[in-house]
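Chain by chain, the residues run as shown.
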Amino acid sequence: HRYSPLKGNWLKIFEPIVEYLKLQVRFNLKTRSVEIRTCKDTVDIQNLQKAADFVRAFILGFEVEDALALVRLDDIFLDSFQVTDVKMLKGDHLARAVGRVAGKGGTTKYTVENVTKTRIVLADSKIHILGSYQNIAIARRAICNLIMGSPPNKVYGTLRSVAARS
């Protein structure tokens, strides 16, 4: 479902992989997949995993600039889970839980992102978090509380006290 954005941002995705990681990359139109391989200029074999994580983060819905952090920094991770992993919800209850996580106009999501220094993507009932390991844990706990039904202002208070400690 991210085929058009991938085509539109191909240069932004292509350049860091080739210039910075010294890998070869191509977009296979038949299989609709991004193929990455090493070449004689490749310095570190771990760059292959970094490039794969970078492309995967973009495909999941993160901005190119945010996903680029996976390439540049070593302690950045990607965590994904579903709302139904936290609490079995169906229909309107599921929609309300996703709505609580997003907040009015995305306010709750942005607040959690800013306080925990992470990036969050809400894709239907899937939630993807990009950040350092400790920050992902804090953001995930806040999001799980929202899914379980906690009011946003209570979650904000908890977030502020946790952020003040770290």
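Residues numbered from 1 in each chain as written. Predicted model: local features only at pLDDT ≥ 70, side-chain atom pairs only at ≥ 80, totals over all residues. Heavy atoms only, no water.

1. Some words on the packing of aromatic side chains
- If you walk through the whole model with that rule in mind, you get 4 aromatic pairs.
- Between Trp10 and Phe14 the ring centres are 6.2 Å apart and the planes differ by 40°, which places this aromatic pair in the tilted class. Taken together, the residues Trp10 and Phe14, both in helix α2 (residues 10-20) and 4 residues apart, mark about one turn of the helix.
- With a centroid separation of 6.5 Å and an interplanar angle of 85°, the aromatic rings of Phe77 and Tyr133 are classed as edge-to-face. Of this pair, Phe77 sits in strand β3 (residues 77-82) while Tyr133 sits in helix α8 (residues 133-148), and the two are 56 residues apart along the sequence.
- A relative accessible area of 41% places Phe77 in the partly exposed class.
- According to the relative accessible area criterion, Tyr133 is exposed, its value standing at 65%. (Phe/Tyr/Trp six-rings, centres within 6.5 Å; stacked < 30°, edge-to-face > 60°. Helix = DSSP H or I, 4+ residues; strand = E, 2+ residues; numbered from the N terminus. Buried < 20%, exposed > 50% of the residue type's maximum accessible area, 1.4 Å probe, protein only.)

2. Overview of the packing of α2 against helix α4 (residues 64-72)
- Running from N to C, α2 and α4 point in directions that differ by 15°, and their axes come no closer than 11 Å. With respect to their mutual orientation, α2 and α4 come out roughly parallel. Of the two possible hands of crossing, α2 and α4 adopt the one that is right-handed. Every residue of α4 that contacts α2 at Lys12, Ile13, Pro16 and Tyr20 is listed here: Val64, Glu65, Leu68, Val71 and Arg72.
- Tallied by class, the residues present in the contact of α2 with α4 amount to 6 nonpolar, no polar and 3 charged. (Axes fitted to C-alpha atoms, helices over the stretch in contact; angles between N-to-C directions. Parallel < 35°, antiparallel > 145°, perpendicular 65-115°, else oblique. Left-handed = near helix turned anticlockwise from the far one by under 90°. Contact = heavy atoms within 4.5 Å. Nonpolar A, V, L, I, M, F, W, Y, C, P; charged D, E, K, R; others polar.)

3. Points about the environment of Leu122
- Mapping Leu122 onto the fold places it in strand β4 (residues 119-123).
- Here Leu122 falls in the partly exposed class, since its relative accessible area comes to 25%.
- Separated by 37 residues in the primary sequence, Leu122 and Leu159 place their C-alpha atoms 19 Å from one another.
- When residues no more than four places from it in sequence are discounted, the contact partners of Leu122 are Val101, Ala102, Lys109 and Ile127.

4. With respect to the sheet that holds β4
- Ordered by their spatial adjacency, 3 strands build an open sheet running β3-β5-β4, and the pairing between neighbours is antiparallel. Each edge of the open sheet carries a strand with a single partner, namely β3 and β4. Across the sheet, the mean angle from the axis of one strand to that of its neighbour is 15°, orientation sign disregarded.
- Against the sheet, helix α3 (residues 47-60) contacts β3, β4 and β5 (126-131), and its axis sits at roughly 40° relative to β3. (Pairing = 2+ DSSP bridges.)

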